[in-house]
Amino acid sequence: MAKFDIIAATGCPTGIAHTFMAKEALEKAAAERGLTIKVETHGQVGVENELTKSEIAGAKAVVVAADKDVQAERFAGKPMVSVGVSKALSVEAAGKLIDRALAAKGDDTVAAAADVEDEVEEKESIGHVIYKHLMNGVSHMLVFVVAGGVLTAISFLWGITSFDSTAADYNSFAAMLKIIGGIAMNLMVPVLSAYIAESIGKRPALVPGFVAGMIAIQGLPVNAETGMIDAGGAGVGFGFLGGIVGGFLAGYVILLLEKVFAGLPKNLDGLKAIFLYPLFSTAIVGLVMLGISGPMAAINTAMMDFLKGLSASGAVVLGLAIGCMCAFDMGGPVNKAAYVTGTAMLTEALAAGVGTDTYNFGTNFMAAVSAACIVPPLITTFAVVVGKKYFSQEDHDAGVVNLILGCTHITEGAIPFMTKNIWPVMPIMMLGSSIASILTIMFNVHDPAPHGGFLVLPVVENGPLWVLAILIGAVVGGILFVAFKKYDFEKNQKAAPAAKSVEAPKAAAVEAPKAEAADFVKVENVFVAEDFASRDEALSFVSNQAVKAGIASDADAVMNAFLAREAEGTTGMMEGFAIPHAKSDAISEAAVIVVKDESGVTGWDTMDGAPVNVAIALLIPGAQAGTTHLKILSKVAEALMDEDFRATVKGSTDAAEIAKTINARLV
């Protein structure tokens, strides 16, 4: 059975894009560090690449990057980092998580799941814990909404009232589709509630969670004649907000009952699971939910009135709010809040029936949300096609793929473009999405399907105008994105001539890196008997030596570059090593300077808390990103994963031997 240095689990609410983007970033970050990794994904198709017990037991550390429950209790006692999936979408961010996980302290004696949950909660913020539970419910709910909504929308192809046997356009097949779709949509709130509860209290919480969701749909039944509580009466439901409240209530009631019944004999565990938990939790949660039905119904009504009030303020106000929310984090919590609100409005719209004010508002709101979600990927497609020379080949290929993602309502494809330049790319995306939302509302577009992008165009009322609104938003955003990239490209071109004049005589050497690597680290740049009082003193020494050796022209600029990199995250590694690196226009050639302090440099944050004895400093010219020299330098970091390499460099006092050892790993 294969063993892995790192194991990881990723999962996002929809399980479409973030899950697999985080997986790829973690795999690349591990490869850069010379580590083996296995990443388990929790997507909409279920768990893939599932971790086995032996793989978990053999791993050095665990990274959990998820906004849903991934059964973290399996990793009992392992050094672990647990964050939201958005914290692992770039290789750099994923690398920092791996470094943190390796530096974390585990406890191999921990066996109980409850202990692990306590450990995870200490590391996670309260906000992320709540969000993770909520998104576990949302991820399970969305598939019901999509399936039910699209089937209901398809039934309209035979006529807007084709499900009604008294209508002239009645069709029995359409009526059956409407029935099936309606049942799926009606399961939205119970499933949301149940799986929020399940994320908190595990399997025992499903029963009270489903019950809480059903109560949220029907409210407190009251007899119209007597005004008394009556099981045969009718109540006022309080929608998905009630489902959220009920889910958290059910989950934490189960946790409470686990403590209450903890003193019972172990041979009664079966009784607890099959009788005590479901009985008491359902009774408690049911009574509380019925008791708060009045206030919750009022809150739900107030929220709907607020949204309708925004609409009354004009298409610009409502469309701007929808567009900014959908494009703010493109699949993150703010985006999901807008989308879930849209699906909730659509559910009420379909329940109210075609032709009602509720139907018209809900389907128009959903159309605006969908438009806003479709636009960001299309902005990138427009930009990489029109401004191709300003983008890397990798970005160009990703932008072309985003045409498919955008047209099918998958916003996440635009995230890599935004993470590279949050400002001004995020505002550009928000503007493009807002334009599409505003125009969608103004064009009176109605979308009875909650997902699918342009695939559901046949059921969209005023579909051509909807496409026009989306294209206008994408083109405006695309033009602004190209303008930014053009400005950025020209700025870099102006900064390049000086660096190129230095680099030009070395072109032949760059083409033959293996020959040059043999003496890349020069003996005169290895200092083996130094004594530094602090990290900054060591970095200042390296900066000044770089100037003396003709590697750099300005020691202060190099020092500032070192400190800027340390501010982003310490370069202190483990077992007394550090790899500080500075990238600056003041550096004229790529080089390595090694300093050794046998007594250890204190105050330099390291993964294991040990002082730094060896600092292998990398100096990189500002214009050399991606050159062969940088690829050579990256091998220094990989070499540190080799125990023999570390032992030789740390144990030697011979500068020539140290230089030779490092050079041997650069070939």
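Everything below is about the structure printed above this text.
Quick look at the structure, then. (Residues numbered from 1 in each chain as written. Predicted model: local features only at pLDDT ≥ 70, side-chain atom pairs only at ≥ 80, totals over all residues. Heavy atoms only, no water.)

1. With respect to the overall build of the protein
No. 1: Regarding its fold elements, the protein presents 25 helices and 10 strands.
No. 2: In the protein, which comprises 667 residues, the proportion classed as buried is 50%.
No. 3: The long-range fraction of contacts in the protein, counting pairs at least 24 apart against all pairs at least 6 apart in sequence, stands at 71%.
No. 4: Approximately 28,900 Å² of the protein is accessible, and the part contributed by carbon and sulfur atoms is 63%. (Helix = DSSP H or I, 4+ residues; strand = E, 2+ residues; numbered from the N terminus. Buried < 20%, exposed > 50% of the residue type's maximum accessible area, 1.4 Å probe, protein only. Contact = heavy atoms within 4.5 Å. Areas by Shrake-Rupley, 256 points an atom, 1.4 Å probe, with all protein chains shown as cover.)

2. Observations regarding the side chain of His 446
No. 1: Position of His 446 among the secondary structure elements: in the loop between α17 (422-442) and α18 (463-503).
No. 2: Owing to a relative accessible area of 5%, His 446 belongs among the buried residues under this scheme.
No. 3: One polar contact links the side chain of His 446 to the main-chain carbonyl oxygen of Asn 360, over a distance of 3.1 Å.
No. 4: In this structure the side chain of His 446 is engaged in a polar contact, spanning 2.8 Å, whose partner is the side chain of Thr 363.
No. 5: Ignoring anything within four residues of it in the chain, the contact list for His 446 reads Asn 360, Thr 363, Asn 364, Ala 367, Val 459, Val 460 and Glu 461. (Polar contact = N/O pair within 3.5 Å; in protein donor to acceptor, adjacent residues only side chain to side chain.)

3. Points about unusual backbone geometry
No. 1: The omega angle of the peptide bond from Trp 423 to Pro 424 is 10°, so this bond is cis rather than trans.
No. 2: Backbone geometry places Lys 202, a non-glycine residue, at a positive phi of 60°.
No. 3: The topology assignment puts Lys 202 in the loop between α7 (188-201) and α8 (206-218).
No. 4: At His 409, a residue that is not glycine, the phi angle is positive and equals roughly 70°.

4. Thoughts on the pairing of strand β10 (residues 612-621)
No. 1: For β10, the tally of buried residues reaches 10 of 10 residues, placing the bulk of the element in the interior.
No. 2: In this structure, strand β7 (residues 577-578) lies alongside β10, joined through 2 bridges in parallel fashion. Pairing of Phe 577 across the sheet is with Val 614, part of β10.
No. 3: As paired strands, strand β8 (residues 581-584) and β10 are joined by 4 bridges and run parallel to one another. Counted as the bridge partner of His 581 is Leu 618 from β10. (Pairing = 2+ DSSP bridges.)

5. Description of the sheet that holds strand β2 (residues 37-43)
No. 1: Strand order in the open sheet made by the 5 strands is β3-β2-β1-β4-β5, with mixed pairing throughout. In this open sheet, the two strands that pair with only one neighbour each are β3 (46-48) and β5 (80-83). The sheet shows a mean angle of 10° between the axes of neighbouring strands, direction not considered.
No. 2: With respect to the sheet, helix α1 (residues 18-32) is in contact with β1 (6-11), β2, β3 and β4 (61-66), its orientation differing from that of β2 by roughly 175°. (Axes fitted to C-alpha atoms, helices over the stretch in contact; angles between N-to-C directions.)

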